[in-house]
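Residues per chain are reported as follows:
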Amino acid sequence: MVVTTQCKGRGITGLHVGVNNVKRYFPTPVDSIELQLDHLQISCTLSPNFWQGEPEIFDPRLCAWLEAKHIQSPCGRTPVPLSMIPAGENSFRLQPVRQNGNGREPTGRTA
């Protein structure tokens, strides 16, 4: 699934999952999910609003990872798309979207 970065203010960047993705990939209300961020695995709490039309995930470790990868978009700018790939029950792998729309952007190469 494709998700986008979501900025809620300086230093607070998370993910906007989208209502349709919630319906498709999150069949039962759960309190948290696991996100695999390269070699890191973090548990992110989902707010009750996640299930009620505000499908957003915010976590300080996620924000730090997005900033370290230079993935976050400054507030007010176009959100950055990311692939959120199911990797087990309530677990997802997060990675940049290639320019053709899938997978990881090659590192160390220019297009």
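Along each chain, numbering runs from 1 in the same order as the chain's sequence is written. Only residues with pLDDT of at least 70 get local features here, since the model is predicted, and only at 80 or more are side-chain atom pairs given and counted; chain-wide, interface and lining totals rely on the full set of residues. With hydrogens and water set aside, each side-chain value is computed from the structure's full complement of heavy atoms.

Novice: Quick one: what's the story with the confidence of the model for the protein, residue by residue and with numbers?
Specialist: It should be kept in mind that the predicted coordinates are not to be read in detail where pLDDT is low. Chain-level pLDDT for the protein is 84 on average; 83% of the residues reach the 70-or-more range. What pLDDT reports is the predictor's confidence in each residue, on a scale of 0 through 100. Helix and strand assignments follow DSSP, with helices taken as H or I runs no shorter than four residues and strands as E runs no shorter than two, numbered in order from the N terminus. When pLDDT is averaged over each element of the protein, strand β3 (residues 32-37) comes out on top at 96 and helix α2 (residues 60-68) at the bottom at 89. Residue contacts follow a heavy-atom distance rule, with two residues in contact if any of their heavy atoms lie within 4.5 Å. pLDDT under 50 marks residues 104-111. Its contacts with residues more than four places away, or in other chains, come to nine contacts.

Novice: Account for the nonpolar core, with residues named and values stated.
Specialist: A general trend in soluble globular proteins is that nonpolar side chains are found buried together. Among the buried residues, those of types Ala, Val, Leu, Ile, Met, Phe, Trp, Tyr and Cys that are joined through side-chain atoms within 4.5 Å form a nonpolar core. Under the scheme applied here, a residue whose accessible area is under 20% of the maximum for its type counts as buried, over 50% as exposed, and between as partly exposed, the area being computed with a 1.4 Å probe on protein chains only. Formed by 23 residues in total, the largest nonpolar core has its most connected members in Ile-33, Leu-35, Ile-57 and Met-84. Where this core is concerned, the elements lending two or more residues are β3, β4 (40-45), α2, β6 (81-86) and β7 (91-96). Those residues in contact with Met-84, other than ones at most four positions away along the chain, are Met-1, Val-3, Leu-15, Phe-26, Ile-33, Leu-35, Ile-57, Phe-92, Arg-93 and Leu-94.

Novice: Break down the environment of Trp-51 for me, citing the residues and quoting the values.
Specialist: Counting through the fold element by element, Trp-51 comes out in the loop between β4 and β5 (56-57). Considered as a pair, Trp-51 and Phe-26 are 25 residues apart in the sequence and their alpha carbons are 9.2 Å apart. Once residues within four sequence positions are removed from consideration, Trp-51 is found in contact with Val-22, Phe-26, Thr-28, Pro-29, Val-30 and Leu-46. At 3.5 Å, the side chain of Trp-51 forms a polar contact with the backbone oxygen of Val-30. Here a polar contact is taken to be a pair of N or O atoms separated by no more than 3.5 Å, where protein atoms must pair a possible hydrogen donor with a possible acceptor and residues adjacent in sequence count only if both atoms sit in side chains.

Novice: Tell me about the pairing of strand β1 (residues 2-7), residues and numbers included.
Specialist: In this structure, β1 lies alongside β6, joined through three bridges in antiparallel fashion. When the sheet's bridge partners are listed, Val-2 is paired in β6 with Ser-83. Between any two strands, at least two bridges found by DSSP are needed for them to pair. Sheet analysis places β1 next to strand β2 (residues 13-16), joined by four bridges and oriented antiparallel. Looking at the pairing, Thr-4 lines up with His-16 of β2.

Novice: Quick rundown of the pattern of salt bridges? Include the residues and the values.
Specialist: Salt bridges are defined as contacts in which a side-chain nitrogen from Lys or Arg sits within 4 Å of a carboxyl oxygen from Asp or Glu. This model, assessed by the stated rule, comprises two salt bridges. Close ionic contact of Lys-69 with Asp-38 constitutes a salt bridge, the shortest N to O distance being 2.7 Å. You can see Lys-69 sitting in the loop between α2 and β6 and its partner Asp-38 sitting in the loop between β3 and β4, a full 31 residues away along the chain. Using a relative accessible area of 41% as the deciding quantity, one classes Lys-69 as partly exposed. The partner of Arg-61 in a salt bridge is Asp-59, and the shortest N-O contact between them spans 2.8 Å. Given the relative accessible area of 10%, Asp-59 is considered buried.

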